[in-house]
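Now for the letters of each chain:
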Amino acid sequence: MPEPRIMSRYYVTTPIYYVNGAPHIGHAYTSIAADVLARFKRLQGHDVFFLTGTDEHGQKVEKAAAEAGIDPQTFADRNAARFRDMSARMGISNDDFIRTTEARHKDGCAALWRRLEASGDLYLGHYEGWYAVRDEAFYNEGELTTAPDGRPLAPSGAPVEWVREPSYFFRLSAWQDRLLAFYEANPDFIGPESRRREVTSFVRGGLTDLSVSRTTFSWGIPVPDAPGHVMYVWLDALANYVTALGYPDTDGARWAYWPADVHLVGKDIVRFHAVYWPAFLMAAGIAPPRRVSTNGWWTVDGEKMSKSLGNVVDPLDLAETYGLDPLRYFLLREMPFGNDGTISRRALVARLNTELANDLGNLAQRSLSLIARNCGGARPARGMLTDDDREMLGAAAALPAAMAPAIDRQAFHEALDEAWRVIRAANAYIDRQAPWALRKTDTARMATVLRVLADVLRPVAVALWPFMPASMDRLLDQLGVAPGARDFAALAEELPDGASLPPPQGIFPRHVEPEDGA
Ligand code: ME8
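Residues numbered from 1 in each chain as written. Predicted model: local features only at pLDDT ≥ 70, side-chain atom pairs only at ≥ 80, totals over all residues.

Asks: How should I be thinking about helix α15 (residues 412–433) in this particular structure?
Replies: Each α-helix turn comprises 3.6 residues. Residues three or four places apart therefore point the same way. The end-to-end C-alpha separation of α15 is 32 Å, in line with the 32 Å expected for 22 residues at 1.5 Å each. Positive phi shows up at A434, right after α15, with a value of about 45 degrees. (Helix = DSSP H or I, 4+ residues; strand = E, 2+ residues; numbered from the N terminus. Expected span 1.5 Å × (residues − 1).)

Asks: Hey, could you run me through the packing of helix α5 (residues 176–185) against helix α6 (residues 193–204) in this one?
Replies: For any two helices packed against each other, one specifies the crossing angle of their axes together with the interaxial distance. Here α5 crosses α6 at 155 degrees, and the two axes come no closer than 10 Å. With respect to their mutual orientation, α5 and α6 come out roughly antiparallel. For the element pair α5 and α6, the recorded crossing hand is left-handed. Contact with α5, carried on its side by Q176, L179, L180 and Y183, involves T200, V203 and R204 of α6 and no other residues of that element. (Axes fitted to C-alpha atoms, helices over the stretch in contact; angles between N-to-C directions. Parallel < 35°, antiparallel > 145°, perpendicular 65-115°, else oblique. Left-handed = near helix turned anticlockwise from the far one by under 90°. Contact = placed C-beta atoms within 7 Å.)

Asks: Teacher, can you tell me more about the sheet that holds strand β13 (residues 262–266) here?
Replies: Within a sheet, each strand pairs with its neighbour through backbone hydrogen bonds, oriented either parallel or antiparallel. Taken in spatial order, the six strands make up an open sheet running β3-β2-β1-β13-β14-β9, and their pairing is parallel. Edge positions in the sheet fall to β3 (96–99) and β9 (190–191), since each has one partner strand and no second. Note that β13 and strand β14 (residues 292–295) share four bridges and pair parallel. Bridge pairing in β14 links H263 to V292. (Pairing = 2+ DSSP bridges.)

Asks: In this structure, what is going on with the sheet that holds strand β5 (residues 137–139)? I would like to understand it.
Replies: Strand order in the open sheet formed by four strands is β5-β4-β8-β10, and the pairing between neighbours is antiparallel. Whereas interior strands pair on both sides, the edge strands pair on one side only; in this sheet they are β5 and β10 (210–211). Bridge count between strand β4 (residues 122–132) and strand β8 (residues 161–170): 10 bridges; the pairing is antiparallel. Within the sheet, the bridge partner assigned to Y131 lies in β8 and is E161.

If you want it as structure tokens, here you go:
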């Protein structure tokens, strides 16, 4: 009997990306990680809602549009389309794509503002202090550093300017104790642990009230009944996670997905998600999200990617050259989720050729071509199983459960390690059992060994499907697994003996760089 389905709801989000420029590998990375999570949760039987989108207001976008000589809405339309296209080309299985210039978002945001006003958490004042347009963030004097030429810089390295303007404030200072109590009560709220410590010590250091409206430019959501004020872009942006669920309609069907199970974000924006966002929500009487999981930074030869350095890595270009699935695999295998790492074509090719083409591709190819040649292209029957067979089958069947805790911590590389433990064991098994030799001595035993291999490849392919959906679908086609039977619960059902299988085809061609190919 297949296990009963869990069907609990699961809500996962990516950051909504600024439309000031084109998508790059960093955006693709967080989206792919969220996609793996969403797909894995669907395989477990959860009812998943997966959201991504674009952050289109604020000074940074307004400035980029002005530099391009276009009005901000046309500029945002153009770049939002590129992010939507990036999602599609990266195989992202999002259920919705929210743009902050959509009416549903603007209306939801205005409702959130009114709610905060009604709870007494907003007041009108004057902001005077430092602002970094590149980060869309306010900084205290004590956080700044100095550039070699003496100019003040944000901790991120972004230039800051002195701003003085009338502004609404959010009483963030009043939330310090409740935030600390919340972190204490929810030890998994921020991942990884190093970021959690960073955030709690920032909050312990004391919070000042946050400026949440701007009056020196106009590209934003108007503050209700306050002419001249537009909402601070981070209040606007964070609200996307609830406006996409229909906020303020908390009786609607989508609202059932709240609170979010996990917001995946880069480490640069953890403060907004783990400090401001839960404070806004609690003030509005809404439960905070369950987890904010932060990824580290991809650099190019140790340097930050930037347009001015001309070293921006284009994910579409990498996918075209090496294949989308090898790229997705590489990004999640190479760098532990919270860590920083260097992106390198050489490292990508090495993983593609050894782990995908050799370890997994050859295992599948060897097993399936032996079945095609020696078993009439039909799934062989299992005969009597040896201890070796049983151990191999047991390790493969346990794979989804072995990967699950790592996936829940967003330790994607550890989940892949579990899969490769099984793949390496299967390669050792096939060498030890040598079905090619059994062909001459004991065809019944050969058939059993090949069936064990097919039954090992099946859970491996299903468990790796979230990472490499197209390639694993090809492998599952070759294993004769019906498209509707590719989730974890379906693995409990044995496949029928004798079913004819399509002719085997390689799934991961080795990549030879043109200059190495001579
Ligand atoms: O911050 N390495 O948008 P954004 C890894 N609009 N991840 C990277 C990366 C890199 N080099 N570069 C970018 C914003 N990212 C806001 C978010 S959410 C309510 C609003 C990823 O276009 C990482 O996830 O600057 C980072 O947080 C996100 O892209 C920032 O995208």
